[in-house]
Amino acid sequence: MANLKEIRNRITSVSSTMQITSAMKMVSAAKLKKAQDAITAMRPYAEKLTELLQSLSATMDGEVGGDFTAQREINKVLVVAVTSNRGLCGAFNTNVIKQTKAIADSYAGKQVDIFSIGKKGGDVLKKTNNVVASHNSIYDNLTFDAVAEIANELTEMFTSGEYDKIEIVYNQFKNAATQIVQTEQFLPLAPVASETAVAAGDYLFEPSKEEIVLTLIPKSLKTQLYKAIRDSFASEHGARMTAMHKATDNATELRDQLKLTYNKARQAAITNEILEIVGGAEALNG
């Protein structure tokens, strides 16, 4: 009967795990809806802002971006790794960490530092790379103003000459089951190809185009970072919901198998007892 007791304990343990994973799935599903709505509503604005900036920049002569477009010899690179503060979300964090390490390896002979947003990425990357800053509390108050402070910090690192290039690595939200790892150049601003430029048309600009562009660039950078973190936030809940859904299904299957094994073992034990009783009775009668 010791074997039956072990199986009963495993059934209880698996059932408890299944309840936890099922609850986590429902929580992530509820949070995903809000996060998905936020990034879906923001994307058109971010894309239109980028389009407007490119349109104005393409119709102007000379260097209009100032320090934001300065193309320097790349000796020091900063990689912004956007991960989550919690695990149990499949390969969500692992994919960003792998991509970040791949980027660092691609700059052989250069100084590559990591700017971590999210505890999971920072904890792993600091073992092999130089993590210069960590912002783990951003998800506690994920607002544009909070992200703007981080964007200002990154911008200052570039304009002061501390780094020659800044890249962002994050998970782009496609749907609950699919997250795509993206690498975007944050600074310097990439030059706009003439064939992709949008015609500005006959418009009167007040103030001048130059002032508008220099005003739009910082706002565009803040929006780009905010969109990346928002994308990552939605992707995290989608990945966790999918992972917990699979974990719940696996726990259900394992519980059913254990119940079947328990019933078979219990039936075998009862059969043996019956055989012993019958054998004992026949021995007494004999």
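To be clear, the structure that these remarks concern was listed above.
Caption draft 1: Summary view of a nonpolar patch on the surface. Residues Ile270, Ile274 and Val278 make up a contiguous nonpolar surface patch of roughly 240 Å² in combined accessible area. In this fold, isoleucine 270 is placed in helix α5 (residues 209-285).

Caption draft 2: Layout of the side chain of glutamate 236. Among the structural elements, glutamate 236 can be located in helix α5. Among the residues examined, glutamate 236 registers a relative accessible area of 5% and is labelled buried. Sequence-distant contacts of glutamate 236, defined by excluding residues within four places in its chain, comprise Ser84, Cys89 and Phe92.

Caption draft 3: Quick peek at the pattern of salt bridges. Taken as a whole, this structure holds 9 salt bridges when the rule is applied. The partner of lysine 165 in a salt bridge is glutamate 167, and the shortest N-O contact between them spans 3.2 Å. Residue lysine 165 shares its accessibility class with glutamate 167, and that shared class is buried. Taking the shortest distance from any N to any O, the salt bridge between glutamate 236 and arginine 240 comes out at 3.0 Å. With glutamate 236 and arginine 240 both in helix α5 and 4 residues apart, this pair spans about one turn of that helix. Assessed through its relative accessible area of 1%, arginine 240 is described here as buried. Each of the salt bridges in this network shares a partner with another, and the network as a whole consists of Arg43, Lys227 and Asp231.

Caption draft 4: Main features of the layout of surface pockets. Counted as a void, the second largest pocket has a volume near 160 Å³. What lines the second largest pocket is Lys31, Asn85, Arg86, Tyr139, Asp140, Phe233, Glu236, His237 and Arg240. For the lining of the second largest pocket, the class distribution of residues is 2 nonpolar, 2 polar and 5 charged.

Caption draft 5: The packing of aromatic side chains, seen in detail. Applying the stated criterion across every chain yields a total of 2 aromatic pairs. Ring centres of phenylalanine 144 and tyrosine 226 lie 5.5 Å apart, and the angle between their planes is 85 degrees; on these two criteria the pair is classed as edge-to-face. Taken together, the residues span a long stretch of sequence, with phenylalanine 144 in helix α4 (residues 144-159) and tyrosine 226 in helix α5 at a distance of 82 residues. Classification of tyrosine 226 by relative accessible area gives buried; the value is 12%. Of note, arginine 72 hangs over the ring of phenylalanine 158, and the distance from its end group to the ring centre comes to 4.4 Å.

Caption draft 6: Quick peek at α4. Over its 16 residues, α4 runs 22 Å from end to end, which matches the ideal 22 Å to within 8%, given 1.5 Å per residue. For α4, the set of buried residues is Ala146, Val147, Ala148, Ile150, Ala151, Leu154, Thr155, Met157 and Phe158. For α4, the secondary structure elements touched by its buried residues are β1 (76-82), β2 (111-117), β3 (130-135), β4 (165-175), β5 (178-187) and α5. Backbone geometry just downstream of α4 places glycine 161 in the positive-phi region, at approximately 85 degrees.

Caption draft 7: Quick peek at the nonpolar core. Core analysis: the biggest nonpolar cluster contains 44 residues, and Phe115, Ile117, Leu154, Phe186 and Leu225 have the highest contact counts within it. Ranked by residues supplied to this core, first place goes to α5 with 12 residues. If sequence neighbours within four positions are ignored, phenylalanine 115 has contacts with Leu78, Val79, Val80, Ala81, Ala133, His135, Ile150, Glu153, Leu154 and Met157. Core analysis: the next-biggest nonpolar cluster, separate from the first, contains 12 residues, Val96, Ala104, Val112 and Ile114 among them.

Caption draft 8: Representation of the packing of α4 against α5 in the model. Closest axis-to-axis distance for the α4/α5 pair is 9 Å, and the angle between their directions is 120 degrees. Here α5 runs oblique to α4, going by the angle between their axes. For the pair α4 and α5, the sense of crossing is right-handed. Across the interface between the two elements, Phe144, Val147, Ala148, Ile150, Ala151, Asn152, Leu154 and Thr155 from α4 touch Leu221, Lys222, Thr223, Leu225, Tyr226 and Ile229 from α5. Looking at the contact of α4 with α5 residue by residue, the class counts come to 10 nonpolar, 3 polar and 1 charged.

Cut-offs used in this document
- Residues numbered from 1 in each chain as written.
- Predicted model: local features only at pLDDT ≥ 70, side-chain atom pairs only at ≥ 80, totals over all residues.
- Heavy atoms only, no water.
- Patch = residues over 30% accessible without salt bridge, like charges linked within 9 Å, V, L, I, M, F, W, Y side chains within 5 Å.
- Areas by Shrake-Rupley, 256 points an atom, 1.4 Å probe, with all protein chains shown as cover.
- Salt bridge = Lys/Arg side-chain N within 4 Å of Asp/Glu carboxyl O.
- Helix = DSSP H or I, 4+ residues; strand = E, 2+ residues; numbered from the N terminus.
- Buried < 20%, exposed > 50% of the residue type's maximum accessible area, 1.4 Å probe, protein only.
- Contact = heavy atoms within 4.5 Å.
- 1 Å grid on protein atoms, 1.4 Å probe; cavity = no way out; pocket = protein on both sides within 12 Å on 5 of 7 lines; lining within 4 Å.
- Points joined across faces, edges and corners; volume = space filled by probe spheres on them.
- Nonpolar A, V, L, I, M, F, W, Y, C, P; charged D, E, K, R; others polar.
- Phe/Tyr/Trp six-rings, centres within 6.5 Å; stacked < 30°, edge-to-face > 60°.
- Lys NZ or Arg CZ within 6 Å of the ring centre and 35° of its normal.
- Expected span 1.5 Å × (residues − 1).
- Core = buried A, V, L, I, M, F, W, Y, C linked by side-chain atoms within 4.5 Å.
- Axes fitted to C-alpha atoms, helices over the stretch in contact; angles between N-to-C directions.
- Parallel < 35°, antiparallel > 145°, perpendicular 65-115°, else oblique.
- Left-handed = near helix turned anticlockwise from the far one by under 90°.

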